[in-house]
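# Per-entry structural report
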Amino acid sequence: MVLIFYYYSDNMTNFKLKVKNSAIDNKGLFADEDIPANSEIIEYTGEIIDNAESDRREELDKGVTYIAYIDDNTYIDGAIGGNDSKYLNHSCNPNCIFKVKNGRLYYYSKRLIKKGEELTADYAFPADTKKEICRCGSKNCRGFMNELI
Ligand SMILES: [Zn+2]
């Protein structure tokens, strides 16, 4: 069952960003100007779905999904009506963090991000869910996008 339908289709970005080919994954999201530390960069937008619908879509789609966790019964599927924030890749040494405010999800810069840098965040998938291989290339790479137990 789908909980609620609402979509944010705007790019809702506070900084100039670019989607380009990435060494981490197929595509990535890059800063197209300097972004100061602790800045709200972009909202993660898409279709709001519940836990059961999220599970169903993960099952259905064995490849790439863009489903972000908000709380135990609220997820955002960036594949449907989502903006470029869905291309932001995981890194074990990220320059961005997620923040949830009033049920909405935003990316913030952890530090100054220079023009041309790829934006990354730690997806921190739960340790007890399917292991997702990480290719972030950072020195402290965990090997997986999941948290360690
Ligand atoms: Zn990694």
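### Overview of the pairing of strand 6 (residues 74–77)
Two elements, strand 4 (residues 47–49) and strand 6, share 3 bridges in a ladder whose sense is antiparallel. Of the residues in strand 6, the one forming a bridge with Glu 47 is Asp 77. In this sheet, strand 6 lies alongside strand 5 (residues 67–71) in antiparallel orientation, the contact comprising 4 bridges. Residue pairing across strands places Asp 71 opposite Thr 74, the latter belonging to strand 6. Hairpin connection of strand 5 to strand 6: 2 residues between the antiparallel strands.

### Quick notes on the nonpolar core
Tyr 107 and Leu 119 are the most contacted members of the largest nonpolar core, which totals 21 residues. The set of elements that each furnish at least two residues to this core consists of strand 2 (27–31), strand 3 (40–44), strand 4, strand 5, strand 6 and strand 9 (104–109).

### Some points on the confidence of the model for the chain
Caution applies to low-pLDDT regions: their predicted coordinates should not be interpreted in detail. This prediction gives the chain a mean pLDDT of 89; 91% of its residues lie at or above 70. Mean pLDDT values for the elements of the chain range from 90 in helix 1 (residues 51–60) up to 98 in strand 10 (residues 120–121). Counting contacts from residues 1–9, a segment whose pLDDT is below 50, to residues more than four positions away or on other chains yields 18 contacts.

### Concerning the environment of Asp 77
One can find Asp 77 in strand 6. For the pair formed by Asp 77 and Leu 148, sequence separation is 71 residues and the distance between their alpha carbons is 25 Å. In this structure, Asp 77 is in contact with Gly 46, Glu 47, Ile 49, Arg 57, Tyr 66 and Ile 67, ignoring residues within four places of it in sequence.

### What to know about the pairing of strand 8 (residues 96–101)
Bridge count between strand 8 and strand 9: 6 bridges; the pairing is antiparallel. In the sheet register, Phe 98 faces strand 9, and the bridge partner there is Tyr 107. The hairpin formed by strand 8 and strand 9 contains 2 residues between the paired strands, and Asn 102 there has a positive phi angle of roughly 50 degrees.

About the thresholds
Residues numbered from 1 in each chain as written. Predicted model: local features only at pLDDT ≥ 70, side-chain atom pairs only at ≥ 80, totals over all residues. Pairing = 2+ DSSP bridges. Helix = DSSP H or I, 4+ residues; strand = E, 2+ residues; numbered from the N terminus. Core = buried A, V, L, I, M, F, W, Y, C linked by C-beta atoms within 7 Å. Buried ≥ 20, exposed ≤ 12 C-beta atoms within 10 Å, placed from the backbone. pLDDT = per-residue confidence, 0-100. Contact = placed C-beta atoms within 7 Å.

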